[in-house]
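# Examining the three-dimensional arrangement
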Amino acid sequence: MSSTQASREDWIAAPGSPLRGELQVPGDKSISHRAIMLAALAEGSSRIDGFLEGEDTRATARVFAQMGVRIETPDPQRRIVHGVGLHGLQAPAGVLDCGNSGTGMRLLAGLLAGQRFDSVLVGDASLSQRPMRRVTGPLARMGAVVETAAGDRPPLRINGNKKLQAVDYELEIASAQVKSALLLAGIYADGETCVREPRPTRDYTERMLAAFGWPVDFAPGVARVTGGGRLVATDVQVPADFSSAAFFLVAASVVPGSELCLRRVGMNPRRTGLLQALRAMGADIREDNRSEQGGEPVADLHVRHAPLHGIEVPEALVPDMIDEFPALFVAAACASGRTVVRGAAELRVKESDRIATMAAGLRTLGIRVDEQPDGAVIEGGRLRGGEVDAHGDHRIAMSFAVAAQVADGDVRVNDVANVATSFPGFETLADSIGFGLRAG
Ligand code: S3P
């Protein structure tokens, strides 16, 4: 079991004042994980600025330190990674603990399958319940040998010293984590690995491989790499995480009198599906100062309160907002009319079953939710106070903190400690712009 198991914490959340001010949310989680991984395997030293000081990404950095990579932290949100080259990792003395992070574990599974040593990946209670066959299945096709616990769950025991063969693989589910695991195994394989997706997913692994000098051929829905190259150290500038900004976009939309500016948010189109959904619901969100930061589009987002109405969320948008459904459910609960979510069965295997946990909590707060196997139908209404359980899921916890800002009474949100996995300092930032939120 993981040594990074969070102790339980709860919140009491209640309406505060209208949300006002300017803020910058922490660095992107997906990019921070990948920056550590590729910098560790590169030749030379890379500087990462804007690194997310979350438990998930710090766990990934610790894993590489256990394999002999020197990583300095000259300042918070900055890392200097002294890369060891593609074949320079050392066999770790003990198990490698990914904490709560599915991204960490799945990407590492691909990367470690190509090493000359054995390794074991473990995670916390939530990660230990998450499905791993989606990565171990395709990796086996490449010649990797990865054993799982019963039910294809972690720990993952990865046998090293296997000669990997390139594959042409068509994914059954749209998953950037699985795609990335195959690409990272692919850089150690003989020949060209091609990954095709049923719907395009975030392309940070592809972009970052290219930034570290590895030829990669990619377009939405397909990516190709050929084994046998080298990664060259580079500096990475991590933009603010759209998924963290999402809670404030919804909060300012639903709390009357609110007006917020979110600075320099990552605007990769594979991440910003929520923006389209919220605008279709009537949200007032304006972008300006569009620019590029470390090869990623960024913009300032200005959001003002606006009355929302329910929509049918287009299924094509689902991968582009896969982490934003807890926040979207809250927007739907505050909207007039009905919101329909379909084609999102993946939500059931995230840090919690996000359809079930959101449906249960919203019902407690007086909202009608009809749970479906692959989504939900949510009838907007008035939220009342009550006690809800985040089930240790960071995004559920923050979503209920947002919901509480328009509730008729106090909302007790249980089991919120894992907010630190992706959004350290959420409470302080939320408090600074007018949230009613305290430890419970
Ligand atoms: C991630 C991909 C997504 C997302 C997760 C981060 C990534 O998972 O939910 O939070 O960094 O690649 P899937 O690719 O499994 O959908």
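Residues numbered from 1 in each chain as written. Predicted model: local features only at pLDDT ≥ 70, side-chain atom pairs only at ≥ 80, totals over all residues. Heavy atoms only, no water.

Using the following cut-off: UniProt positions are given in the numbering used here, feature names are shortened, and annotations may be inferred rather than shown by experiment.
In the nomenclature of an unreviewed UniProt entry, the protein chain corresponds to 3-phosphoshikimate 1-carboxyvinyltransferase from the organism Lysobacter arseniciresistens ZS79. Taken directly from UniProt, the Subcellular location (unreviewed entry) text for the protein chain runs: "Cytoplasm". Regarding the protein chain, the relevant UniProt record gives this comment under Sequence similarities (unreviewed entry): "Belongs to the EPSP synthase family."

## Looking at the packing of aromatic side chains
The geometry of two aromatic rings is summed up by the distance between their centres and the angle between their planes. Applied cut-off: Pairing of aromatic rings covers Phe, Tyr and Trp, the last counted by its six-membered ring, and requires centre-to-centre distances within 6.5 Å; plane angles under 30 degrees mean stacked, over 60 mean edge-to-face, and any other angle means tilted. Exposure classes here rest on a 1.4 Å probe applied to the protein chains alone. A residue is buried below 20% of its type maximum, exposed above 50%, and partly exposed in between.
If you walk through the whole model with that rule in mind, you get 6 aromatic pairs. Between Phe426 and Phe435 the ring centres are 6.1 Å apart and the planes differ by 80 degrees, which places this aromatic pair in the edge-to-face class. With respect to burial, Phe426 and Phe435 carry one shared label: buried. Each residue in the set Trp11, Phe248, Phe423, Phe426 and Phe435 is aromatic and connected to the rest through ring pairs, giving one cluster.

## Structural notes on the side chain of Thr339
How we decide: Secondary structure elements are defined from DSSP: runs of H or I of at least 4 residues count as helices, runs of E of at least 2 residues count as strands, and each element is numbered from the N terminus. Polar contacts here mean pairs of N or O atoms no more than 3.5 Å apart (in protein, one a potential hydrogen donor and the other a potential acceptor; neighbouring residues in sequence count only if both atoms are side-chain atoms).
Among the secondary structure elements, Thr339 is positioned in strand 18 (residues 338-341). The class for Thr339 is buried, based on a relative accessible area of 0%. A distance of 3.4 Å separates a polar side-chain atom of Thr339 from the backbone nitrogen of Ile311.

## Details of the UniProt feature "active site" (unreviewed entry) in the protein chain
Quick note on the threshold: We call two residues in contact whenever any of their non-hydrogen atoms come within 4.5 Å of each other.
When the UniProt feature table is mapped onto this chain, "active site" (unreviewed entry) is found at Asp323. Locating Asp323 in the fold gives a position in the loop between strand 17 (296-304) and helix 9 (325-334). With relative accessibility at 13%, the residue Asp323 sits in the buried group. Not counting residues within four places of it along the chain, the set of residues in contact with Asp323 comprises Arg202, Ser243, Lys350, Arg354 and Arg395.

## A short note on the sheet that holds strand 3 (residues 43-49)
Inclusion rule: Note on pairing: two strands pair once DSSP finds at least 2 bridges between them.
With mixed pairing, the 4 strands of this open sheet are ordered in space as 4-5-3-14. The open sheet has two free edges, formed respectively by strand 4 (70-72) and strand 14 (236-237), since each of these has just one partner strand. Sheet topology places strand 3 next to strand 5 (residues 78-84); 7 bridges connect them, and they run antiparallel. Paired with Gly44 across the two strands is Gly83, which belongs to strand 5.

## Examining the confidence of the model for the protein chain
Where we set the bar: Confidence of the predictor at the level of single residues is captured by pLDDT, which takes values from 0 to 100.
With 99% of its residues at a pLDDT of 70 or more, the protein chain has an overall mean of 97. Taken together, the stretch residues 1-5 has pLDDT below 50 and engages in 14 contacts with residues farther than four places along the chain or on a different chain.

## Here we look at the pairing of strand 21 (residues 386-389)
Spelled out, the test is: By convention, a crossover is right-handed whenever its connection, traced from the first strand over the helix to the second and viewed with the strands pointing away, goes clockwise.
Bridge analysis of strand 21 against strand 22 (residues 411-414) gives 4 bridges, and the strand direction is parallel. In the sheet register, Val388 faces strand 22, and the bridge partner there is Val413. A crossover links strand 21 with its parallel partner strand 22, the connecting element being helix 11 (residues 394-404), and its sense is right-handed.

## Re helix 1 (residues 29-41)
What counts is decided by this rule: Helix span, as expected, comes to 1.5 Å for every residue beyond the first.
Given a rise of 1.5 Å per residue, 13 residues ought to cover 18 Å, and the 19 Å separating the end C-alpha atoms of helix 1 matches this to within 8%. Counting buried residues along helix 1, 13 of its 13 residues qualify, which places the element largely inside the surrounding structure. The opening residue of helix 1, the one whose side-chain oxygen lies 3.0 Å from the backbone nitrogen of Ser30, is Asp28.

## Here we look at helix 9
For helix 9, a buried count of 9 out of 10 residues is recorded, marking the element as mostly surrounded by other parts of the structure. Buried within helix 9 we find Phe325, Pro326, Ala327, Leu328, Phe329, Val330, Ala331, Ala332 and Ala333. The elements touched by buried residues of helix 9 are helix 7 (242-254), helix 8 (273-280), strand 18, helix 10 (354-364), strand 20 (375-379) and helix 11.

## Quick notes on the pattern of salt bridges
Pairing is possible between side chains of opposite charge, provided their charged atoms come close. The cut-off we apply is this: Only one rule defines a salt bridge in this text: a Lys or Arg side-chain nitrogen within 4 Å of an Asp or Glu carboxyl oxygen.
Applying the stated criterion to the full structure yields 39 salt bridges. Linking Asp10 and Arg8 is a salt bridge whose minimum nitrogen-to-oxygen distance equals 2.9 Å. Residues Arg348 and Glu371 are paired through a salt bridge, measuring 3.0 Å at the closest nitrogen-oxygen approach. With Arg348 in the loop between strand 18 and helix 10 and Glu371 in strand 19 (residues 368-372), the pair connects residues that are 23 residues apart, well separated along the chain. You can call Arg348 partly exposed: its relative accessible area is 25%. Glu371 sits in the partly exposed class, given a relative accessible area of 31%. One salt-bridge network, in which partners are shared between bridges, spans Arg130, Arg202, Asp323, Glu351, Arg354 and Asp393.

## Some thoughts on the site of the ligand
Put simply, the test is: The nearness test applies per residue and asks whether one of its heavy atoms lies within 4 Å of the molecule or strand. For the area figures, the Shrake-Rupley method with a 1.4 Å probe applies, and any residue is considered shielded solely by the protein chains shown. For this scheme, ten residues count as nonpolar: Ala, Val, Leu, Ile, Met, Phe, Trp, Tyr, Cys and Pro. Four count as charged, namely Asp, Glu, Lys and Arg, and the remainder, Gly too, count as polar.
What surrounds the ligand is the set Ser30, Arg34, Thr103, Ser175, Ala176, Gln177, Arg202, Ile322, Asp323 and Lys350. Taking Gln177, its main chain carries an N or O atom lying 2.9 Å from an oxygen atom of the ligand. Within the complex, the protein chains bury 95% of what would otherwise be the 380 Å² of accessible surface of the ligand. Of all the secondary-structure elements, those providing two or more residues to the shell around the ligand are helix 1 and helix 5 (176-186). Taken together, the residues of the shell around the ligand sort by class into 2 nonpolar, 4 polar and 4 charged.

## Describing the nonpolar core
Definition in use: Take the buried residues of types Ala, Val, Leu, Ile, Met, Phe, Trp, Tyr and Cys, join any two whose side-chain atoms come within 4.5 Å, and each joined set is a nonpolar core.
Counting 81 residues, the largest nonpolar core has Trp11, Phe248, Leu328, Phe426 and Phe435 as the members making the most contacts within it. The element that contributes the greatest number of residues to this core is helix 7, accounting for 10 residues.

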